[in-house]
Structures are given as C-alpha cells and as structure tokens.
Amino acid sequence: MREKTKRQINWLIVGFICLLIFAYSLFEAKNLLAGPQLNITNPAQAHFSTNENVFDIKGNAKNILSLTVNNRPILITPQGDFYDKLLLLPGYNRISITAKDKFGRESTKIIEAVLIN
C-alpha cells in the first residue's frame, strides 16, 4: 500500500511539472501567436487636418521583421520604437504604415491627413 502511494505522488509531481512547462511555453509563445503589433503614438488620431506641411510619425511595433511607411522601409530601434518625417502634399494625404513578421503576417494602419493652405 505504501509503495502505491509513493508511485501516485511521483506521478502527480511529474504531471504538475509537465503542466508548468506547457503553461510557460504558451506564455512565451503568445507573442509569436499574436502576430505583428503596431501602435501609433503620433498622430493621436487617424484622421486630422493641419496647416503644416512637415508631419512626424511616431510609434512602437512588436513582433515584426520589417516596417514600411508608404512602402518605404523605416528603421526600428531594438525596443521597437520608430520615427519618421513626411512631407504632406496640399489637400488629402493617405499614409499607410505596414508591419510584417517573419511568418508573412501583416498589420496595417492608415492615417488620413488634410493639408490646409
């Protein structure tokens, strides 16, 4: 009887350790499963009007391989921060920011700006 109890306790311990390893693996893989994440901090709104023709884009991207603004590659810091200056044309401007991960998944944000002269 005592041997059977020891065996059951050993199986419980092994099962618990396997459960911890599985839970930790899911926790670490969540970023890979989520795909590219793109956060734009400037401008604060996706649609706006301005009278200045030079425009700054700032933000943060996670889980990405490349980042483009209007199909032009943008440099990213090791923390995922990015910054770019754009020259707005008079009238309506559509700015596309696309992040791609190593699995080919994309995340795109569109900013619409109207330059008022």
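Up top you'll find the structure we're talking about.
Residues numbered from 1 in each chain as written. Predicted model: local features only at pLDDT ≥ 70, side-chain atom pairs only at ≥ 80, totals over all residues. Heavy atoms only, no water.

### Observations concerning helix α1 (residues 2-34)
Taking 1.5 Å as the rise per residue, α1 with 33 residues should run 48 Å; its terminal C-alpha atoms sit 48 Å apart, in good agreement. Taken as a whole, α1 carries its principal kink of about 40 degrees at E28. Within two residues after α1, G35 carries a phi angle of roughly 85 degrees, on the positive side. (Helix = DSSP H or I, 4+ residues; strand = E, 2+ residues; numbered from the N terminus. Expected span 1.5 Å × (residues − 1). Bend = angle between axes of the 7 residues up to and from the residue.)

### Here we look at the nonpolar core
If you look at the biggest cluster of nonpolar residues, it comprises 18 residues, and the most contacted ones within it are L38, F55, I57, F82, I95 and I97. Contributing elements (two or more residues each) for this core: β1 (37-42), β3 (54-62), β4 (66-69), β6 (81-87), β7 (91-100) and β8 (106-115). Not counting chain neighbours up to four residues away, the residues in contact with I95 comprise F55, I57, V69, N70, L86, L88, K109, I110 and I111. (Core = buried A, V, L, I, M, F, W, Y, C linked by side-chain atoms within 4.5 Å. Buried < 20%, exposed > 50% of the residue type's maximum accessible area, 1.4 Å probe, protein only. Contact = heavy atoms within 4.5 Å.)

### A look at the sheet that holds β1
Taken together, the three strands give an open sheet; going across it, the order is β1-β3-β6, and neighbouring strands pair in antiparallel fashion. Across the chains shown, the open sheet's two edge strands, defined by having one partner strand only, are β1 and β6. Between one strand axis and the next, the sheet turns through 30 degrees on average, direction left out of account. Summarising the sheet, β1 and β3 pair through five bridges and their orientation is antiparallel. Looking at β3, one finds that Q37 is bridged to K62. (Pairing = 2+ DSSP bridges. Axes fitted to C-alpha atoms, helices over the stretch in contact; angles between N-to-C directions.)

### Some thoughts on the side chain of N93
One can find N93 in strand β7. There is a polar contact of 3.1 Å between the side chain of N93 and the backbone oxygen of G91. Ignoring any residue separated from it by four or fewer positions in sequence, one finds N93 in contact with L88, I111, E112, A113 and L115. (Polar contact = N/O pair within 3.5 Å; in protein donor to acceptor, adjacent residues only side chain to side chain.)

### Digging into the sheet that holds strand β5 (residues 72-73)
By definition, the strands of a sheet pair up through backbone hydrogen bonds, in either a parallel or an antiparallel sense. Spatially, five strands are ordered β2-β8-β7-β4-β5 in an open sheet, and the strand pairing comes out mixed. The outermost strands of the open sheet, each flanked by one partner alone, are β2 (47-50) and β5. One ladder, built from four bridges, connects β4 with β7; its direction is antiparallel. Its bridge partner lying in β7, V69 is registered against I97.

### Details of the environment of I111
By the secondary structure assignment, I111 is in strand β8. As a C-alpha pair, I111 and N93 span 18 residues in sequence and 8.2 Å in three-dimensional space. Dropping the residues within four chain positions of it, I111 is found in contact with I40, P43, A46, F48, F55, N93, R94, I95 and I97.

### Regarding the side chain of D84
Relative to the helices and strands, D84 resides in strand β6. We classify D84 as buried; its relative accessible area is 10%. Here R72 takes part through its side chain, which lies 2.6 Å from a polar atom of the side chain of D84. Not counting the four nearest positions on each side in its chain, D84 is found in contact with F55, D56, I57, V69, R72 and I74.

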